[in-house]
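If you want the building blocks of each chain, they are given just below.
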Amino acid sequence: MPATTHLDSALDDFLTGLSDDALELHGMLIVRGDAVIAEVEATPRSLADSRLVYSVSKTVTMLALATAIDDGLIGLDDIAVDVLGIANADPDAARLTVRHLARMSSGHSSESLGPMEELAVRERIPLVDAWFRLPLDTEPGSTFSYDSGATYVLGALVRHVTGESLADRARTRVLAPIGIGEFAWFRAAGDDEGFSGLHLTISDMARIGMLLRDGGVSRGRRIVSAELVAELTRSQIDNGEPDSPDWSAGYGLQLWRSRHGFRADGAYGQFVLVLPQQDVVIAITSEQTEGTTKALLERVWQHLLPVIEDPVERTVTRTIELPEPRSGDELANDIDVSGGSNTDPASRAYTPVSHTGTGALWTGFSPARLPLTALRVDADHDARRFTLTFADNESATIAAGHGRWIAGAIGGLGGGDLPTDPTDRRGTVAVTAQATRTQRQLICDVVLPSTPHRFRIVVDPEAGTFDARWRGEPLYGADPRTLVTGAVRHAVGEASIPLPRIPREAPHL
């Protein structure tokens, strides 16, 4: 029996029943050494999509800061306000070191982003100055508490000591040298966010894991010192959550320790799992909702870890599909889509529902609704056109194929600079949509390929109403138009270097 069969079988076991458990996988790469030994792609998403990776951004921010530490520009135990030259800091915050910030022990017992932004607006001061004026809840460095505001300050430190933007420092000293080309990074008040907002392909995510797995070396070149990589990846502070083994193994410097190895971890299930003992990196993109993120990691450890070191003769590939709507109604895709009946009109306007409905149709979805005030549905041969009207009276039209996905775009709002400027109309947001008919409903699933997210529109023709909900509401808010990347791209046009598959192609002579 070929050895690859072990991984074949394990991958099938891993994938079986994902949708039954409300797990939504978008992509996965398993890299051993420098080659991909397994990959999974979920239609209509693509492994080539550059997408929002949320807090995986924190790890890249830390790597950019690590290059400044290696250059002698700053130290882990330096006092942050002294480096930044900030006056009028809270007395306790004035004692925080770079290490305190990086290991999430800044003394805030909850996320500080909101209070930081409110104070900055009220006092008309820079965000980083506002952050240091916030009072602390605990002794600096004493307690783990996840705080994206602390990572924003790390990005400010990079800018201050290098004289470069965070994105430029990350690009020139980390991302480009390890083979990553074009990327995008959302901004906050004109600066790259640092704590979130980075957009990468799944191969790019894997390359970051490979750099950490290999002790700071990539493609034969030293990117970060081995000593600093050891600091980043070891447990720096107890983060005990006894019921969650992967969230209680300790926290490093902008990295989580796992029960096996360590990881970069972004909201809704964006993972870079690093297993140094096995010489393996597993990159995962997905959209997990409450309670399912832990279940996804459990599947990795149960099904994939036992065979991850077995020999393989070829890269194992799988293509899966996003789960179909489970309405409880019989699907009726053979209904005449040209319209003309009361239950399937060719052209009609709908109003939002005023109640909170539940049921199988919304399994795995959050209760978060899109800010829509009206919907119009028009028939167009083998497709539907859904025209969404938002609370600001702006409209966007999405074409959805019957039984097929149609790619398109809607106008953007804010240009990727947060807080969003409501007068800014830069760029577009890519969408891909598919329509499904049941005996009583018209359902449209809309995927945003540059994010982990999708939303669903359910039309009730008989009642003249519709509902539109996010599977998982973006952390940037319920309006999909804010998720613009076109205005914040870096290294535009540069392609990332592909990771090799097995068997390797013969070199060109």
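In the block above lies the structure referred to throughout.
Residues numbered from 1 in each chain as written. Predicted model: local features only at pLDDT ≥ 70, side-chain atom pairs only at ≥ 80, totals over all residues. Heavy atoms only, no water.

**Q** An account of helix H5 (residues 113-123) is needed here, citing residue identities and associated values.
**A** Residues of H5 that are buried include every one of Leu-113, Met-116, Leu-119 and Ala-120, and no others. Each buried residue of H5 lies within a common arc of 135° when the element is viewed along its axis, so the set occupies one face. Exposed residues pointing more than 90 degrees away from the buried face of H5 are listed as Glu-118, Val-121 and Arg-122. Residues of H5 that are buried in the fold lie against helix H6 (127-133) and helix H7 (148-162). Note on H5: the residue one or two positions beyond its end, Arg-124, has a positive phi of about 55°. (Buried < 20%, exposed > 50% of the residue type's maximum accessible area, 1.4 Å probe, protein only. Helix = DSSP H or I, 4+ residues; strand = E, 2+ residues; numbered from the N terminus. Arc of directions from axis to C-beta. Contact = heavy atoms within 4.5 Å.)

**Q** How would you sum up the sheet that holds strand E1 (residues 25-32)? Please name residues and give values.
**A** Spatial strand order, E10-E11-E12-E13-E1-E2-E14: 7 strands in an open sheet with mixed pairing. The sheet is open, and its two edges are formed by strand E10 (256-257) and strand E14 (316-321), each paired on a single side. Two elements, E1 and strand E13 (residues 280-286), share 7 bridges in a ladder whose sense is antiparallel. Residue pairing for E13: Leu-25 is matched across the bridge by Ser-286. Helix H2 (residues 56-70) rests against strand E11 (262-266) and strand E12 (270-275) of the sheet, and its axis sits at about 120° to E11. Against the sheet, helix H11 (residues 292-304) makes contact with E1, E11, E12 and E13, and its axis sits at roughly 35° relative to E12, the strand it touches most. (Pairing = 2+ DSSP bridges. Axes fitted to C-alpha atoms, helices over the stretch in contact; angles between N-to-C directions.)

**Q** So what about the side chain of Arg-263? Which residues, and what values?
**A** Within the fold, Arg-263 resides in strand E11. A residue is classified by how much of its surface remains accessible, and Arg-263, at 0% relative accessible area, is buried. A distance of 2.7 Å separates a polar side-chain atom of Arg-263 from the backbone oxygen of Asp-246. Polar contacts involving the side chain of Arg-263 include one to the main-chain carbonyl oxygen of Arg-257, which spans 3.4 Å. Not counting the four nearest positions on each side in its chain, Arg-263 is found in contact with Asp-246, Trp-247, Leu-255, Trp-256, Arg-257, Ser-258, Phe-271, Val-272, Leu-273 and Leu-297. (Polar contact = N/O pair within 3.5 Å; in protein donor to acceptor, adjacent residues only side chain to side chain.)

**Q** So, the pattern of salt bridges: which residues are in play, and what are the values?
**A** Taken as a whole and assessed by the stated rule, the structure comprises 34 salt bridges. The salt bridge partner of Arg-122 is Glu-123, with a shortest N-O separation of 4.0 Å. The exposed category is assigned to Arg-122, whose relative accessible area is 56%. Classification of Glu-123 by relative accessible area gives partly exposed; the value is 41%. One salt-bridge network, in which partners are shared between bridges, spans Glu-24, Asp-445, Arg-454, Arg-456 and Arg-471. (Salt bridge = Lys/Arg side-chain N within 4 Å of Asp/Glu carboxyl O.)

**Q** Run through the nonpolar core, naming residues and quoting values.
**A** Counting residues in each nonpolar core, the largest one holds 81 residues, and the members touching the most others are Leu-65, Ile-74, Leu-101, Trp-131, Phe-132, Leu-157 and Ile-208. Sort the elements by how many residues they give to this core and H2 lands first, with 9 residues. Counting residues in each nonpolar core, the second largest holds 39 residues, with Leu-11, Ala-42, Ile-284 and Leu-296 among its members. (Core = buried A, V, L, I, M, F, W, Y, C linked by side-chain atoms within 4.5 Å.)

**Q** I'd like a description of the side chain of Arg-456, backed by residues and values.
**A** Structurally, Arg-456 can be placed in strand E23 (residues 454-460). In terms of polar contacts, Arg-456 uses its side chain to reach the backbone carbonyl oxygen of Leu-361, at 2.6 Å. A polar atom in the side chain of Arg-456 sits 2.7 Å from the side chain of Asp-445. Apart from residues no more than four positions distant in its own chain, Arg-456 is found in contact with Pro-323, Glu-324, Pro-325, Leu-361, Trp-362, Phe-365, Ile-443, Cys-444, Asp-445, Asp-467, Ala-468 and Arg-469.

**Q** Please give an account of unusual backbone geometry that cites residues and values.
**A** Cis geometry is found at the peptide bond from Thr-43 to Pro-44, where omega equals 10°. Note on placement: Pro-44 falls in the loop between strand E2 (35-43) and strand E3 (51-52). Put simply, Ile-502 and Pro-503 share a cis peptide bond, and its omega is 0°. On the secondary structure map, Pro-503 appears in the segment after strand E25 (489-490). Unlike most non-glycine residues, Asp-279 shows phi in positive territory, near 60°. As for its position among the elements, Asp-279 is in the loop between E12 and E13. The exposure class of Asp-279 is partly exposed, given its relative accessible area of 34%.

**Q** Would you mind going over the packing of aromatic side chains in detail, with residue names and values included?
**A** Taken as a whole and assessed by the stated rule, the structure comprises 10 aromatic pairs. Ring centres 6.1 Å apart and planes at 15° place the aromatic pair Tyr-54 and Tyr-476 in the stacked group. Of this pair, Tyr-54 sits in the loop between E3 and H2 while Tyr-476 sits in the loop between strand E24 (465-470) and E25, and the two are 422 residues apart along the sequence. On the basis of relative accessible area, Tyr-476 is assigned to the buried category, the value being 17%. Taken together, a centroid distance of 5.1 Å and an interplanar angle of 90° make the contact between Tyr-251 and Trp-256 edge-to-face. As far as burial versus exposure is concerned, Tyr-251 and Trp-256 are alike and both buried. Taken together, the aromatic side chains of Tyr-54, Phe-186, Tyr-268 and Tyr-476 make up a single cluster linked through ring pairs. We note Arg-263 situated over the ring of Trp-247; from NZ or CZ to the ring centre the distance is 4.4 Å. (Phe/Tyr/Trp six-rings, centres within 6.5 Å; stacked < 30°, edge-to-face > 60°. Lys NZ or Arg CZ within 6 Å of the ring centre and 35° of its normal.)

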